[in-house]
Amino acid sequence: MSLLDIGGLWVETAQLPLVRDVDLSLARGETLCLAGESGSGKSLTALALMDLLGPGLRRRATRARFDGIDLLDRGATQRLRGSRIAMIFQEPMTALNPVFTIGTQLEAVYRRHRGGGRAEARRRALHLLERVGIGAPERRLAQFPHELSGGLRQRAMIAMALMCQPDLLIADEPTTALDVTVQAEILRLLEDLQRELGLALILITHDLGVASRMADRCAVMYAGEIVENADRATVFRAPRHPYTQALLRCIPILGSAAPGTPLLDIPGVMPSGVEAGCAFRARCTSAAAECTTAPPLRPVERGSARCWFAS
Amino acid sequence: MTAIAERRWPDAFRHASLAAGGGVVLLVALMALLAPLVAPHDPFLQNLDHRLIPPVWEAEGRWAHPLGTDALGRDYLSRLIHGARISLLIALAVGLLSGLIGTGLGLAAGYYGGWVDTAVLFVLTNRLAMPGVLITLAVVAIVGGSLTVVILVLGFLNWDRFAVVVRSAAQREANRDYVLAASAHGSSALRIMLAEILPNLVGPLLVVLTVEMAHAILIEAALSFLGLGVPPPNPSWGLMVNEAKDHIFFHPWMIFIPGIAIFTLVLAINLVGDGLRDVLAPEWRP
């Protein structure tokens, strides 16, 4: 049985739907990558799962269950947050409270959900800081966020997310703000932790390189919709949706193009409103008359794609 | 919980106005705390044989009464020392009460926004439209003057600056990622406001607190001078100025002494506020 099962999820403002009809499911120990460009609705989807949408945004779904618990029940969702579903954010610089020490913040999360004394929370914090690869954890516990580097802060955020042994970790662009070497270390850490703890992981990224390395399955989002959802091999070797195909073509391969050749891109921009028909049709090279009717997410070989021509 | 503010205290001693203002406030506070031990006489004891003795620096002054005696023969220095208790009590109590009201309203308005913000702003606008002195006069005229009444009236009237400052600071903090992260870790709205956002507002809050405390001392002095504040025979500094006004031509020191006391304490508290503003600003370096 899948741990997370979301069907027909919408996020909308009073005027405009921002996330449309998203279906997701995830088993224990599995990694799902939500990939897509800025503004495609990846983060909103994750925030909607946790009921953390900002003011003015509403969510609805036909079904939203986490391990048998209804995520549409706000009280139940709040009890899950931080204990069974944890989240880490893109900006480790600002996601820790600047006026408290790392130790205070880690211990507070544990004691809020698990109760227990300071000593117990502190032991757990020390153990986790060590586990996420922070040297001299005793000293780090007493330090303030501004005394740590970006990489260390992201590790501290991961430790904080793991304090209560969650079943599901949502990582929203966890490595985007870090430089490439630190990025590789953090990704490896996430992989190790996932294997060791049996975590289900939703990794939100705009970096297809990260997705191809981490994902068991990958959902590509475009203009608030999932346009393709399949296992890693299918998405990266034999993508069915023209958008995924175009994205992969845009990745430059070192040495394969002659110097001076411009990099490939997808002409046009993502539509900001809702238009009739397929959202990608204005930028699609294989658009045809059928595309004025919006295609549903159709089952294709080893996955699903939102295109009339995918097979 | 250790807050960043605590780590900056060593720097504070290197700040001139903070050190000077803090020194004076500390001195007055000690004087107030130890008043019965420090004061040479009972501040209420009248001695009609020793009326209107001038302070020691004048020709007829004597060391038994270093600052002289008032029209009822009460020792002026003792009354001044005991008066510090009233001024500081007013400052602390009014600061605390108005701080609680203003901070509470400001936090809720800044964090929730929307209709909560509108409601708080409505109350705030109404409060600002009220003539504070008139209301105070009316309340005192109806209920009668006493220390408690003065504290309550000033506390309920002077929360506006707290509310404005806390509201805008809370609005700024509420959009920071750590607030979202805190909800993702399962914190309730109340917890986020009190345990995540409020500790980040300590700097501006302390500054407003000092301003409001100085303000409260001045208003109490003014009310007591008008005979509407702390009732006699309590040794309030404002009341001392009031009682001295009949003697302004022949014994001007009777007005100067409590006047200088009020001026010095208010100045010192404002210096502390200025200093705190500097020290707590992130760009300040000694």
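Heads up: these notes are all about the structure in this document. All figures in this text were calculated on a predicted structure; none of them were measured in a lab.

## Some details on the nonpolar core
And step 1. Core analysis: the biggest nonpolar cluster contains 101 residues, and A:Leu4, A:Ile158, A:Leu168, A:Ile170, A:Ile202 and A:Cys218 have the highest contact counts within it.
And step 2. For this core, the element with the highest residue contribution is helix α6 (residues 150-162) of chain A, accounting for eight residues.
And step 3. Apart from residues lying up to four places away in sequence, A:Leu168 is in contact with A:Leu3, A:Leu4, A:Leu26, A:Phe66, A:Arg84, A:Ile85, A:Ala86, A:Leu199, A:Ala200, A:Leu201 and A:Ile202.
And step 4. By size, the runner-up hydrophobic cluster in this structure holds 27 residues, among which are B:Leu88, B:Ala221, B:Ile255 and B:Leu265.

## Section: the sheet that holds strand β11 (residues 225-231) of chain A
All names here are of chain A.
And step 1. If you walk across this open sheet you meet the eight strands as β7-β8-β9-β3-β10-β11-β13-β12, and the pairing is mixed. The sheet terminates laterally at β7 (85-88) and β12 (298-300), the two strands that pair on one side only. Here the average twist between neighbouring strands, direction ignored, is 20 degrees.
And step 2. With five bridges connecting them, strand β8 (residues 168-172) and strand β9 (residues 200-205) associate as parallel partners. The residue bridging Asp172 from the neighbouring strand is Ile204, located in β9.
And step 3. α6 rests against β7 and β8 of the sheet, and its axis sits at about 170 degrees to β7.

## Things to note about helix α11 (residues 189-197) of chain B
And step 1. Where α11(B) is concerned, the buried positions are B:Ile192, B:Met193, B:Ala195, B:Glu196 and B:Ile197.
And step 2. Tucked into the core, α11(B) has its buried residues touching α5 (76-112), α9 (160-174) and α10 (177-184) of chain B.

## Overview of the pattern of salt bridges
And step 1. On inspection of all chains with the given rule, the structure shows 27 salt bridges over all chains.
And step 2. Between A:Glu225 and A:Arg306 there is a salt bridge, with its nearest N and O atoms 3.9 Å apart. One end of the pair, A:Glu225, is in strand β11; the other, A:Arg306, is in the segment after β13 (303-305), and 81 residues separate them in sequence.
And step 3. Using a relative accessible area of 7% as the deciding quantity, one classes A:Arg306 as buried.
And step 4. Taking the shortest distance from any N to any O, the salt bridge between B:Arg167 and B:Asp117 comes out at 2.6 Å. Here the residue B:Arg167 occupies a position in helix α9, and B:Asp117 occupies one in helix α6 (residues 114-129), the gap between them amounting to 50 residues.

Calculation notes
- Residues numbered from 1 in each chain as written.
- Chains lettered and ligands numbered in written order.
- Predicted model: local features only at pLDDT ≥ 70, side-chain atom pairs only at ≥ 80, totals over all residues.
- Heavy atoms only, no water.
- Core = buried A, V, L, I, M, F, W, Y, C linked by side-chain atoms within 4.5 Å.
- Buried < 20%, exposed > 50% of the residue type's maximum accessible area, 1.4 Å probe, protein only.
- Helix = DSSP H or I, 4+ residues; strand = E, 2+ residues; numbered from the N terminus.
- Contact = heavy atoms within 4.5 Å.
- Pairing = 2+ DSSP bridges.
- Axes fitted to C-alpha atoms, helices over the stretch in contact; angles between N-to-C directions.
- Salt bridge = Lys/Arg side-chain N within 4 Å of Asp/Glu carboxyl O.

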